[in-house]
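Per-entry structural report
Each chain is listed here by its residues.
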Amino acid sequence: MRKKIIAGNWKMNMTFDEGQKLTSEIVNMFKDENITDVQLVLNPPFPHLHPVKKLIGDTKNVFLGAQNCSDKESGAYTGEVSAKILASFGVTHVILGHSERREYFKEDNSLLTEKVKQVLANGLTPIFCCGESLEIREAGTHEPNVKFQLTDSLFGLTAEEIAKVVIAYEPIWAIGTGKTASSDEAQQMHQTLRKHIASKYGQEVADSISILYGGSMNAGNAADLLSKPDVDGGLIGGASLKSRDFITIAKSY
Ligand code: 3PY
């Protein structure tokens, strides 16, 4: 059985007080509403990690994630945060390769390989993002394009390593635009990616990997997207900043 994961990507939002309020609400609703078969991952900006972790405490199935980490192990890299430091603060997941990082911070496939390796070496779970631009979708080359992102960044990993990776398919044209891929479009891409992983690592490994959909998933469209057999959860942007919406998404399976 693949893990069902609803991960909130807070991006560069939330002051200290706002983050505390949001986390408390989410944790309380999650407990009170008896959500048992879904894992939540909260991915706040770095300064929130420690206080958010304190609020999560030992709540079962609620995890702490970061939105990025360094490709380096440690040392004189001012402004960077290593996977090792994140692990020491109770972080269990790290979002890597979000299209905003690929576009604004010029992160490429080979840099992402190094980041994935750092995350795995420190016992954490990478949430590896991939997705195509509108131009590529319209040209009809989206499947080879996204498959290549996986091949280039992840296919040097061993089967044991890749089995620990969570994939998040986020079509760039659906990020922050309010547009969402239809559930059929999402299913088609998720199935393609799973087959692609199976072609290299075998069906058993491919079947064990959770593939999340990201890109304007919200309380209104989550149930439809999550009903698809290869959609194993969501990486949620704006709707993760509203506790009721985030919990509604988690309850949409
Ligand atoms: C979105 O929902 O727009 C996201 O980018 C999630 O990562």
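Residues numbered from 1 in each chain as written. Predicted model: local features only at pLDDT ≥ 70, side-chain atom pairs only at ≥ 80, totals over all residues. Heavy atoms only, no water.

Per an unreviewed UniProt entry, the chain carries the name Triosephosphate isomerase and comes from Algoriphagus faecimaris. UniProt's Catalytic activity (unreviewed entry) comment on the chain is quoted here verbatim: "D-glyceraldehyde 3-phosphate = dihydroxyacetone phosphate". If you open the UniProt record of the chain and go to Subcellular location (unreviewed entry), you find "Cytoplasm". (UniProt positions renumbered as here; feature names shortened; annotations may be inferred.)

Here we take up the sheet that holds strand β8 (residues 233-236). Sheet architecture is closed into a barrel: 8 strands sit in the order β1-β2-β3-β4-β5-β6-β7-β8, paired in parallel fashion. Going across the sheet, the axis of each strand differs from the next one's by a mean of 25°, ignoring polarity. Where strand β7 (residues 211-214) meets β8, 2 bridges bridge the pair, whose relative direction is parallel. The residue bridging Y213 from the neighbouring strand is G234, located in β8. Contacting β5 (125-130), β6 (166-169) and β7, helix α9 (residues 183-201) runs over the sheet at an angle of about 145° to β7. (Pairing = 2+ DSSP bridges. Helix = DSSP H or I, 4+ residues; strand = E, 2+ residues; numbered from the N terminus. Axes fitted to C-alpha atoms, helices over the stretch in contact; angles between N-to-C directions. Contact = heavy atoms within 4.5 Å.)

Here the structure, examined in full by the defined rule, presents 0 disulfides. The closest cysteine sulfur to the non-disulfide-bonded C129 is located on C130, 7.5 Å from its own sulfur. (Disulfide = S-S within 2.5 Å.)

This part takes up helix α12 (residues 243-250). Within the sequence span of α12, burial applies to S243, F246, I247, I249 and A250. Looking down the long axis of α12, one finds its buried residues gathered within 155° of arc, a one-sided arrangement. The elements touched by buried residues of α12 are β1 (5-9), α1 (16-32), β2 (39-43), α11 (222-226) and β8. (Buried < 20%, exposed > 50% of the residue type's maximum accessible area, 1.4 Å probe, protein only. Arc of directions from axis to C-beta.)

Burial of strand β4 (residues 93-96) is two-sided: the residues H93 and I95 facing one way and the residues V94 and L96 facing the other way are all buried. Taken together, the 2 bridges between strand β3 (residues 62-66) and β4 define a ladder with parallel strand orientation. Directly across from A66, in β4, lies its bridge partner V94. Remark: the β3/helix α3 (residues 83-88)/β4 crossover connection has right-handed handedness. Bridge analysis of β4 against β5 gives 4 bridges, and the strand direction is parallel. Each bridged residue has a counterpart across the sheet, and for I95 the counterpart in β5 is I127. (Right-handed = clockwise from strand over helix to strand, strands pointing away.)

The environment of the ligand is made up of N9, K11, H98, E170, I175, G176, G215, S216, L235, I236 and G237. For the ligand, an oxygen atom lies 2.8 Å from a polar atom in the side chain of K11. A distance of 2.8 Å separates an oxygen atom of the ligand from a polar side-chain atom of E170. In isolation the ligand offers 230 Å² of accessible surface; the protein chains occlude 97% of this area. In terms of residue class, the shell around the ligand is built from 3 nonpolar, 6 polar and 2 charged. (Near = heavy atom within 4 Å. Polar contact = N/O pair within 3.5 Å; in protein donor to acceptor, adjacent residues only side chain to side chain. Areas by Shrake-Rupley, 256 points an atom, 1.4 Å probe, with all protein chains shown as cover. Nonpolar A, V, L, I, M, F, W, Y, C, P; charged D, E, K, R; others polar.)

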